[in-house]
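Descriptive structure summary
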Amino acid sequence: MINLLLVVAAYFFMEFIAWSNHKYIMHGFLWRWHKDHHVNDNQKYLPGILEKSVWEKNDLFFLIYAIPAIALMIIGFYTNLLSLVYIAIGITLYGFTYFIIHEIIIHKRLPINYLHKNHNTYIKAIIKAHTAHHRPKNKDDFNNYGLLIFPLRYLKN
Ligand SMILES: [Zn+2]
Ligand SMILES: [Zn+2]
């Protein structure tokens, strides 16, 4: 039971980490890695613009986020501190969710059609909130740095 709580806590803590890294690091001193994610996104909406590369520099962040999870897993198994392993599982599940929602559902980087339709209200609101970060109509829109947690106004139509 405690273990399940650790997985859930690590998962939601990662939403906070993702939000703060996006806000202070990716739009801060590592903007040069995140920039092409915003540029590539804009290109999709300009007809006739050359094809974009499959990879974005932004993808490097996935590798970096994987390191603490892998390290925790190795240390956890090695020292028999299984709590660390459960925290690592929470981090990994969050990374997996982020990949599915951000890369496939929102930015459609993989043609998995059933993930591109029949979205429920919550997923629709996530898409709206993240799209607002990419194509802001005002400063509040742009400030949408989180993924799973967003201002409630996006739940309304
Ligand atoms: Zn951004
Ligand atoms: Zn995005």
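Everything that follows concerns the structure shown earlier in this document.
Report follows, based on the coordinates.

Cut-offs used in this document
- Residues numbered from 1 in each chain as written.
- Chains lettered and ligands numbered in written order.
- Predicted model: local features only at pLDDT ≥ 70, side-chain atom pairs only at ≥ 80, totals over all residues.
- Heavy atoms only, no water.
- 1 Å grid on protein atoms, 1.4 Å probe; cavity = no way out; pocket = protein on both sides within 12 Å on 5 of 7 lines; lining within 4 Å.
- Points joined across faces, edges and corners; volume = space filled by probe spheres on them.
- Helix = DSSP H or I, 4+ residues; strand = E, 2+ residues; numbered from the N terminus.
- Nonpolar A, V, L, I, M, F, W, Y, C, P; charged D, E, K, R; others polar.
- Donors = N, O, S within 2.8 Å, 3.2 Å for Na, K, Ca; no water.
- Buried < 20%, exposed > 50% of the residue type's maximum accessible area, 1.4 Å probe, protein only.
- Patch = residues over 30% accessible without salt bridge, like charges linked within 9 Å, V, L, I, M, F, W, Y side chains within 5 Å.
- Areas by Shrake-Rupley, 256 points an atom, 1.4 Å probe, with all protein chains shown as cover.
- Salt bridge = Lys/Arg side-chain N within 4 Å of Asp/Glu carboxyl O.
- Core = buried A, V, L, I, M, F, W, Y, C linked by side-chain atoms within 4.5 Å.
- Contact = heavy atoms within 4.5 Å.

Some details on empty space enclosed by the protein
- Counted under the stated rule, the structure contains 1 cavity of 30 Å³ or more.
- Lining of the largest cavity is provided by His-22, Met-26, His-34, His-37, Asn-58, Tyr-98, His-102 and His-130.
- Mapped by element, the contributors of at least two residues to the lining of the largest cavity are helix 1 (2–29), helix 2 (31–44) and helix 4 (82–106).
- Split into classes, the residues belonging to the lining of the largest cavity amount to 2 nonpolar, 6 polar and no charged.

Some thoughts on the coordination of the zinc ion (ligand 1)
- The zinc ion (ligand 1) binds to the protein through His-22 (NE2), His-27 (NE2), His-34 (NE2), His-38 (NE2) and His-133 (NE2); the donor distances cover 2.1 to 2.2 Å.
- In primary-sequence terms, the residues that donate to the zinc ion (ligand 1) follow H-x4-H-x6-H-x3-H-x94-H. Pair noted here: His-34 is in helix 2 and His-133 is in helix 5 (residues 121–134), with a separation of 99 residues, a long-range link. His-133 carries the same exposure label as His-34, and that label is buried.

Here's the deal with a nonpolar patch on the surface
- A surface patch of nonpolar side chains, amounting to about 770 Å² of accessible area, comprises Met-1, Ile-2, Leu-4, Leu-5, Val-8, Phe-12 and Ile-149.
- Mapped onto the elements, Met-1 comes out in the segment before helix 1.

What to know about the nonpolar core
- Core analysis: the largest hydrophobic core is formed by 23 residues, its most contacted members being Tyr-94, Ile-101, Ile-126, Leu-147, Leu-148, Phe-150 and Tyr-154.
- Elements with a minimum of two residues in this core: helix 1, helix 3 (60–79), helix 4 and helix 5.
- Here the element with the most residues in this core is helix 4; it accounts for 8 residues.
- Residues in contact with Leu-148, not counting those within four places in the same chain, are Tyr-11, Glu-15, Tyr-94, Thr-97, Ile-101, Tyr-122 and Ile-126.

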